[in-house]
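Summary of structural features
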Amino acid sequence: MGIIDNFKTLSVKAKAIIAAVLVIIIAAAICFIVIGRNNYLATTMRLLRVEGTVNIESSKGGSKAVNNNLRFQSGDALNTGFDGLASVGLDDTKIVTLQNESRAEFQKKGKQLELKLTKGAVFFNVTEKLKADETFEIKTSTMTAGIRGTSGIVYYDLNDGGRVSLIVTDGVVQVTGTNDQTGETKTIAVEAGKKVKVYLFSDRVEDTVEFKLEDVKPSELGNFRYAFNADDEELVQRISANTGWNVDDVKKGFRGIGSDEDSDPTPTPEATTEATTEETTEATTTTTSSETSATETEVTPTEEPTATPVPTKKPTAAPTKKPASGTATPIPEPTPIPEPTPVDPSPTPDAEPTPEEKPGDDPTGKVTAPDGTNPTNYWGRSYNGNTIYIASEGEGAKETFIGYIDGEWVELECEYVDTGVIFRHGGDIYYAT
């Protein structure tokens with residue numbers, strides 16, 4: 001007899017029991033499929049935009065092929081190369097964009113989101129305020145930014161020794177600074193139109209965490225590769241309403257073409273005095289000549305660098321390093337400092353090469369320097385709106401560098417960091433990649 005014949009011979013009660021068991025098994029299978037799918041969706045993120053070199057490090061080791069709309073899971077890390085850009089949809093209302101030369105690790109557990117930025121810069125845009133049971137944090141080596149419904153940029157500032165900075169473009173962000181050596185933690189609310197940096201100290205038992213707030217101009221948005229944000233009308237209007245910036249200036253800022261309020265970059269006498277005061281404590285403002293740099297270097301405490309520099313031939317004036325995490329350094333005054341000025345704050349038309357001579361970003365550009373010289377291993381490149389000139393001699397550990405500053409060739413200090421190379425003269429950053 002077959003199974004069906006055996007089933008027919010069973011009593012009505014036995015048949016009912018078997019049918020109930022089958023229904024329970026089928027329902028359990030359906031629940032397992034639905035729960036598994038929901039759990040997968042709750043821990044996955046989606047690539048929305050990919051440009052240039054981008055790769056994904058799997059949490060299980062190895063790498064994943066990258067394409068638009070690709071889903072990747074919690075624990076994966078995203079990398080962008082020198083020409084790379086990647087936008088990630090954490091969910092329907094949260095989008096982050098890594099610019100070139102950046103790395104971020106993603107953790108997602110239900111409604112708890114965490115992005116750990118270990119290199120470069122990330123723009124975050126949260127279009128709806130988070131609910132009470134939701135969290136979204138961006139973590140770096142020195143700060144944690146709690147995002148509740150806002151936009152802004154978290155980045156490692158190469159012009160300040162790689163110090164982590166946060167620019168808030170709309171809403172309010174809660175920033176927490178933690179000193180791992182002392183265990184002290186402090187929190188500050190940063191409003192739209194402000195930039196904050198965290199300073200850590202190890203030479204004291206109190207106030208080992210300090211914040212420095214600065215006003216931000218829309219032109220600073222042009223320091224990052226987020227020009228496409230200028231076409232996001234909703235975002236631009238939101239930023240304008242929160243910061244008071246002109247809509248056109250916000251768009252110009254994202255596109256890196258400056259704004260109307262930046263037409264006169266020359267500092268006022270008061271700003272110059274304030275900058276000089278800051279240089280005696282932190283040496284963050286550039287000077288107008290190599291002689292001035294040498295004088296101020298003598299009164300500035302020498303600080304440990306964030307990365308071990310390659311031995312090079314040093315300039316006459318000892319360079320001033322930026323404060324690093326866990327290093328005893330003086331605290332900057334809480335008063336906002338003016339925008340940093342270029343290495344040559346008052347360029348004259350004669351100091352710039354003619355348009356046909358301008359090398360732009362071509363590292364092999366062989367053009368004649370303003371003094372008419374042209375060293376052998378020589379190139380020119382745009383940096384902070386100016387054209388700089390660098391030449392090198394020797395190879396490997398014996399290689400030295402010179403730069404054309406204030407009408408003469410001077411020796412440069414070269415420091416190799418994770419993201420590239422930094423050239424300094426008199427403590428000021430002359431060029432960085």
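So, here's what we can say about the structure. (Residues numbered from 1 in each chain as written. Predicted model: local features only at pLDDT ≥ 70, side-chain atom pairs only at ≥ 80, totals over all residues. Heavy atoms only, no water.)

A closer look at the pairing of strand β14 (residues 163–170)
Just so we agree on the cut-off: Throughout this description, buried means an accessible area under 20% of the type-specific maximum (1.4 Å probe, protein chains only), exposed means over 50%, and partly exposed covers the range between. For the purposes of this entry, the term helix denotes a DSSP run of H or I that reaches at least four residues, the term strand denotes a run of E that reaches at least two, and both are numbered from the N terminus. Strands pair, by our definition, only if DSSP identifies at least two bridges between them.
Burial runs high along β14: eight of the eight residues are buried. Relative to β14, strand β13 (residues 151–157) runs antiparallel, the two being bridged by seven bridges. Bridge pairing in β14 links Ile-153 to Ile-167. Counting the residues that bridge the hairpin from β13 to β14 gives five residues, and of these Gly-161 lies at a positive phi of roughly 65°. Direction of pairing for β14 relative to strand β17 (residues 194–200): antiparallel, over a ladder of four bridges. Its bridge partner lying in β17, Ile-167 is registered against Lys-195.

Some thoughts on unusual backbone geometry
Where the residue is not glycine, phi is negative for most of them; where a peptide bond is considered, it is trans in most cases. Backbone geometry places Glu-101, a non-glycine residue, at a positive phi of 55°. Positionally, Glu-101 belongs in the loop between β7 (94–98) and β8 (102–109). Take Glu-101: its relative accessible area is 26%, and that puts it in the partly exposed class. Backbone geometry at Asp-207 places phi at a positive 50°, although glycine is not the residue there. Among the secondary structure elements, Asp-207 is positioned in the loop between β17 and β18 (209–215). We classify Asp-207 as partly exposed; its relative accessible area is 38%.

Considering the sheet that holds β7
For clarity, the threshold we go by: Every axis corresponds to a line fitted to the C-alpha atoms, with the helix fit spanning only the stretch in contact, and the corresponding angles, defined between N-to-C directions, vary from 0 to 180 degrees. Contacts: residue pairs with any heavy atoms within 4.5 Å of one another.
Across the sheet, nine strands lie side by side as β4-β1-β6-β7-β10-β13-β14-β17-β18; this open sheet has antiparallel pairing. With partners counted over all chains shown, the strands left at the sheet margins are β4 (71–73) and β18, one partner each. Here the strands of the sheet are splayed against their neighbours by 25° on average, with no regard to which way each runs. In this sheet, strand β10 (residues 121–126) lies alongside β7 in antiparallel orientation, the contact comprising five bridges. Each bridged residue has a counterpart across the sheet, and for Leu-98 the counterpart in β10 is Val-122. Across the sheet, helix α3 (residues 233–243) lies against β10, β13 and β14, angled at about 95° from β14, the strand it touches most.

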